[in-house]
Amino acid sequence: DGMMIGVGAGQQSRVDCVKLAGRKVSTWHLRFHPKVVGLKFKDNVKRQDRVNARVRYIEGDMDTAEHEQWVKNFDVAPAPLTEEEKKSFLAGLNGVTIASDA
């Protein structure tokens, strides 16, 4: 509906800009994956910390120390969002246009 959901501004390469914008679109869409929506945070976790935790969950690239800190947001550690789950969910994304100013 005319909403911009990923911008790859500031890159030297137009190709890199489009790739960055595409990654942002993927992250945006994955926020609606049932496992992300269903994350059970502790009551005392603040809104921005929840947003950050969701993005980290989607990206899934935490080292051991980061993961230990991240898990403190939950009473029970969530099961990982697998690459296959991400791929399957993203396959349902449609109506998206990726463009460059080239």
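All residue numbers here refer to positions counted from 1 along the written sequence of the relevant chain. Only residues with pLDDT of at least 70 are given local features in this predicted model, and only at 80 or more are side-chain atom pairs given and counted; all residues enter the totals for whole chains, interfaces and linings. By convention in this description, side-chain values take in all heavy atoms of the structure and omit both hydrogens and water.

Peer 1: Please set out the overall build of the chain residue by residue, giving values where relevant.
Peer 2: Looking only at helices and strands, one finds five helices and zero strands in the chain. Walking the chain from its N terminus toward its C terminus, one meets helices and strands in the order α-α-α-α-α. Expressed as a percentage of contacts within the chain between residues at least 6 apart in sequence, the contacts between residues at least 24 apart total 53%. Note on areas: these come from Shrake-Rupley sampling with a 1.4 Å probe, and a residue is covered only by the protein chains present in the view. In the structure as shown, the chain presents an accessible area of about 7500 Å², 52% of it carried by carbon and sulfur atoms. The way it works is that DSSP assigns letters per residue, a run of H or I at least four long becomes a helix, a run of E at least two long becomes a strand, and they are numbered from the N terminus. The contact criterion used is simple: two residues touch if any of their non-hydrogen atoms lie within 4.5 Å.

Peer 1: Got a sec to walk through the layout of surface pockets? Specific residues and values, please.
Peer 2: Here a cavity denotes grid points, spaced 1 Å and computed from the protein atoms alone, that fit a 1.4 Å probe unable to get out, and a pocket denotes an open set having protein on both sides within 12 Å along at least 5 of 7 lines; residues with an atom within 4 Å of a point are the lining. Grid points are joined across faces, edges and corners, and a volume is the space filled by probe spheres set on the points. In this structure, the second largest pocket spans a volume of roughly 170 Å³. If you go around the second largest pocket, the residues you meet are R23, S26, T27, L30, I58, E59, E83, K86 and L90. When residues of the lining of the second largest pocket are traced back to their parent elements, those giving at least two are helix 1 (14-30), helix 3 (47-59) and helix 5 (83-90). Broken down by element, the residue count for the lining of the second largest pocket peaks at four residues, all from helix 1. As a working rule, the residues Ala, Val, Leu, Ile, Met, Phe, Trp, Tyr, Cys and Pro are called nonpolar, Asp, Glu, Lys and Arg charged, and the rest polar, with Gly in that last group. Looking at the lining of the second largest pocket residue by residue, the classes come out as three nonpolar, two polar and four charged.

Peer 1: Break down helix 1 for me, with residues and values.
Peer 2: Here helix 1 contains 17 residues, and its C-alpha end-to-end distance of 24 Å stays within 8% of the 24 Å for a straight helix at 1.5 Å per residue. Exposure is judged per residue with a 1.4 Å probe applied to protein chains only, and the accessible area is read against the type maximum: over 50% gives exposed, under 20% gives buried, and values in between give partly exposed. Among the residues of helix 1, C17, A21, G22, V25, H29 and L30 are the ones counted as buried. Where helix 1 is buried, its residues meet helix 2 (34-37), helix 3 and helix 5. Here a helix's expected span is defined as the number of its residues, less one, multiplied by 1.5 Å.

Peer 1: Any details on the confidence of the model for the chain? Residues and values, ideally.
Peer 2: The pLDDT score gives, residue by residue, the confidence of the prediction method on a 0 to 100 scale. Chain-level statistics for the chain give a pLDDT mean of 88 and a share of 84% at 70 or above. When the elements of the chain are averaged for pLDDT, helix 1 gives the smallest value, 83, and helix 2 the largest, 98.

Peer 1: Summarise the packing of aromatic side chains; cite the residues concerned and give the values.
Peer 2: When two rings of Phe, Tyr or Trp (its six-membered ring) have centres within 6.5 Å they constitute a pair, described as stacked for plane angles under 30 degrees, edge-to-face for angles over 60, and tilted for the intermediate range. This model, assessed by the stated rule, comprises four aromatic pairs. Seen in terms of ring centroids, Y57 and W70 are 5.7 Å apart; in terms of plane orientation they differ by 5°. Their pairing is stacked. In this pair, Y57 is assigned in helix 3 and W70 in helix 4 (residues 64-71), connecting sequence segments 13 residues apart. Take Y57: its relative accessible area is 4%, and that puts it in the buried class. When its relative accessible area of 7% is taken as the criterion, W70 is described as buried. With a centroid separation of 4.8 Å and 55° between ring planes, the pair formed by W70 and F74 is classed as tilted.

Peer 1: Mind laying out the side chain of H33, listing which residues take part and the relevant values?
Peer 2: Relative to the helices and strands, H33 resides in the loop between helix 1 and helix 2. A polar contact of 3.0 Å, which involves the side chain of H33, links it to the backbone nitrogen of K35. Once residues within four sequence positions are removed from consideration, H33 is found in contact with L81, E85 and F89. Counted as a polar contact is a pair of N or O atoms within 3.5 Å, where, for protein atoms, one must be capable of donating a hydrogen and the other of accepting one, and residues adjacent in sequence contribute only when both atoms are in side chains.

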